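Chain residues, written in single-letter form:
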Amino acid sequence: MGFAPTDEQQAAIDIARTGESCVIEALAGTGKTKTLEFIAEAVPHKNVTYIAFNKAIVAEAQGRFPGNVSARTAHSLAYGAVGKLYRTRMNSGRVRSDEIARKLRIENF
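A few points on the structure. Note that the structure is a prediction, hence the values are computed from the model and not measured.

It is worth spelling out the packing of aromatic side chains at this point. Aromatic rings in a pair are described by how distant their centres are and how their planes are angled relative to each other. This model, assessed by the stated rule, comprises one aromatic pair. Between Lys 34 and the ring centre of Phe 38, over which it is positioned, the NZ or CZ distance is 4.9 Å.

With that settled, consider a nonpolar patch on the surface. On the surface, a cluster of nonpolar side chains totalling about 500 Å² of accessible area is made up of Tyr 79, Val 82, Leu 85, Tyr 86 and Met 90. With respect to the helices and strands, Val 82 occurs in the loop between helix 4 (74-81) and helix 5 (87-90).

So, on to helix 2 (residues 32-42). By the burial criterion, the buried members of helix 2 are Thr 33, Thr 35, Leu 36, Glu 37, Phe 38, Ile 39 and Ala 40. The inward-facing, buried residues of helix 2 contact helix 1 (7-18), strand 1 (48-52), helix 3 (55-64) and strand 2 (69-73).

Here we take up the side chain of Thr 35. Tracing the sequence through the fold places Thr 35 in helix 2. A residue is classified by how much of its surface remains accessible, and Thr 35, at 6% relative accessible area, is buried. Separated by 2.7 Å, the side chain of Thr 35 and the backbone oxygen of Gly 31 make a polar contact. For Thr 35, the residues in contact, after removing those within four places along its chain, are Gln 9, Ala 12 and Ile 24.

This part covers the packing of helix 1 against helix 2. The interhelical angle for the contact between helix 1 and helix 2, taken along N-to-C directions, is 35°, at an axis separation of 9 Å. Between helix 1 and helix 2 lies a crossing whose hand is right-handed. Residue-level inspection shows Gln 9, Ala 12, Ile 13, Ala 16 and Arg 17 of helix 1 in contact with helix 2, the latter providing Lys 34, Thr 35, Phe 38, Ile 39 and Ala 42. Residue classes in the contact of helix 1 with helix 2 are distributed as six nonpolar, two polar and two charged.

Notably, Arg 105 is not glycine yet its phi reads approximately 55°, a positive angle. Residue placement: Arg 105 occurs in the segment after helix 6 (97-103). For Arg 105, a relative accessible area of 75% gives the class exposed.

Before going further, it helps to examine helix 1. Between its terminal C-alpha atoms helix 1 stretches 17 Å, which fits the 16 Å expected from 12 residues at 1.5 Å a residue. Residues of helix 1 that are buried: Gln 9, Ala 12, Ile 13 and Ala 16. Buried residues of helix 1, seen end-on, are gathered within an arc of 100° and therefore sit on one face of the element. Within helix 1, the exposed residues directed more than 90 degrees away from the buried face are Asp 7, Glu 8, Arg 17 and Thr 18. Against helix 2 lie the buried residues of helix 1. Residue Gly 19 follows helix 1 closely and has a positive phi angle near 95°.

About the thresholds
Residues numbered from 1 in each chain as written. Predicted model: local features only at pLDDT ≥ 70, side-chain atom pairs only at ≥ 80, totals over all residues. Heavy atoms only, no water. Phe/Tyr/Trp six-rings, centres within 6.5 Å; stacked < 30°, edge-to-face > 60°. Lys NZ or Arg CZ within 6 Å of the ring centre and 35° of its normal. Patch = residues over 30% accessible without salt bridge, like charges linked within 9 Å, V, L, I, M, F, W, Y side chains within 5 Å. Areas by Shrake-Rupley, 256 points an atom, 1.4 Å probe, with all protein chains shown as cover. Salt bridge = Lys/Arg side-chain N within 4 Å of Asp/Glu carboxyl O. Helix = DSSP H or I, 4+ residues; strand = E, 2+ residues; numbered from the N terminus. Buried < 20%, exposed > 50% of the residue type's maximum accessible area, 1.4 Å probe, protein only. Contact = heavy atoms within 4.5 Å. Polar contact = N/O pair within 3.5 Å; in protein donor to acceptor, adjacent residues only side chain to side chain. Axes fitted to C-alpha atoms, helices over the stretch in contact; angles between N-to-C directions. Left-handed = near helix turned anticlockwise from the far one by under 90°. Nonpolar A, V, L, I, M, F, W, Y, C, P; charged D, E, K, R; others polar. Expected span 1.5 Å × (residues − 1). Arc of directions from axis to C-beta.

Laid out in structure tokens, this is it:
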């Protein structure tokens with residue numbers, strides 16, 4: 001059995017149909033995910049991004065949304081935009097702070 005959207009959800013759906021950007025920010029358990037489901041169904045020709053807190057939520061969301069929704073973490077979006085440019089540095093060994101101090105000739109570290 002499907003549920004009809006609330007007035008707030010319908011307002012978000014209406015905005016999405018105009019093609020304008022829409023950000024939904026609300027407390028846990030208030031229907032954000034269901035709202036995005038409604039939006040994705042209302043604009044099947046549009047790409048929709050669901051930004052989740054962690055990978056577990058992304059994995060759950062990927063099975064829940066239609067194909068026009070991309071579920072990603074904020075970190076994966078950032079990595080895709082700029083992090084990949086620094087992949088070599090991100091995967092390289094770390095330099096300990098005492099080694100940096102020694103190289104910079106900082107005493108009493």
